Amino acid sequence: MPQDMPPVGGYGPVQYKRNLPAPGFRPTTLLLGMGAVMIFGFWKLGQGIREQNEYAREKMWSRIHLIPLLQAEEDRDLVRRHLADQAREKELLGENIKVYNSDRYVRPTFAVTPSNVTK
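For the structure given in this document, a descriptive report is provided here.

What to know about the overall build of the chain
Across its full length, the chain holds 1 helix and 0 strands. Relative to the globule expectation of 14 Å for 119 residues, the C-alpha radius of gyration of the chain, 45 Å, shows a markedly less compact shape. On the principal axes, the C-alpha backbone points of the chain span a range of 150 × 40 × 20 Å. Here the chain holds 119 residues, and 2% of them are scored as buried. Total accessible area on the chain stands at roughly 12,500 Å², and carbon and sulfur atoms take up 62% of it. Of the side chains in the chain, 17 bear a positive and 13 a negative charge, and the two mean positions are spaced by 11 Å.

Regarding the environment of Gln-86
Mapped onto the secondary structure, Gln-86 falls in helix α1 (residues 27-93). Spatially, the C-alpha atom of Gln-86 lies 14 Å from that of Tyr-105, the residues being 19 residues apart in sequence.

Some remarks on α1
Between its first and last C-alpha atoms α1 spans 93 Å; for 67 residues at 1.5 Å apiece the expected length is 99 Å, and the two agree. Approximately 35° is the largest bend angle found in α1, and it occurs at Leu-66, with the proline Pro-68 only one to four residues beyond. Two residues or fewer after α1 comes Gly-94, characterised by a positive phi angle close to 90°.

Some details on a nonpolar patch on the surface
A contiguous nonpolar surface patch, about 420 Å² in accessible area, is contributed by Met-38, Phe-42, Leu-45 and Ile-49. Within the secondary structure layout, Phe-42 lies in helix α1. A residue is classified by how much of its surface remains accessible, and Phe-42, at 56% relative accessible area, is exposed.

Some remarks on the pattern of salt bridges
Within the structure shown, the criterion is met by 4 salt bridges. For Glu-54, the salt bridge is made with Arg-57, and the minimal N-O distance between the two is 2.6 Å. With a gap of 3 residues between them, Glu-54 and Arg-57 both fall in helix α1, about one helical turn apart. Its relative accessible area of 38% is what places Glu-54 among the partly exposed residues. We classify Arg-57 as partly exposed; its relative accessible area is 44%. In this structure, the salt-bridge partner of Arg-88 is Asp-85, at a minimum N-O distance of 3.4 Å.

What counts and how
- Residues numbered from 1 in each chain as written.
- Predicted model: local features only at pLDDT ≥ 70, side-chain atom pairs only at ≥ 80, totals over all residues.
- Heavy atoms only, no water.
- Helix = DSSP H or I, 4+ residues; strand = E, 2+ residues; numbered from the N terminus.
- Rg over C-alpha atoms; globule rule 2.2 N^0.38 Å.
- Buried < 20%, exposed > 50% of the residue type's maximum accessible area, 1.4 Å probe, protein only.
- Areas by Shrake-Rupley, 256 points an atom, 1.4 Å probe, with all protein chains shown as cover.
- Lys, Arg positive; Asp, Glu negative; His and termini not counted.
- Charge placed at Lys NZ, Arg CZ, Asp CG, Glu CD.
- Expected span 1.5 Å × (residues − 1).
- Bend = angle between axes of the 7 residues up to and from the residue.
- Patch = residues over 30% accessible without salt bridge, like charges linked within 9 Å, V, L, I, M, F, W, Y side chains within 5 Å.
- Salt bridge = Lys/Arg side-chain N within 4 Å of Asp/Glu carboxyl O.

Given below as structure tokens:
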């Protein structure tokens, strides 16, 4: 009985490796996705910083525009206190005594002290 021989061109290659796709995304897809998420995050961060700067600018200008009103209110309070102080002084002393040696107006300094001190 003759022995079987291999075919003339030889046998085809034996596939011993499995051609399974890798689990998950490809690295380039993952890298592009992460880049897109980061770009979006930085864009939103920039928008937030810009909005905060705009709020700070608006707050500053509102305070700047309120300064004359607050100054006028403080001046009215100082005039009221000054007139009350002069009336009290006239009642106690009988005349108004100049404290300073000039007629120049000196803005009084008031120290707010608590009525009852607890220690």
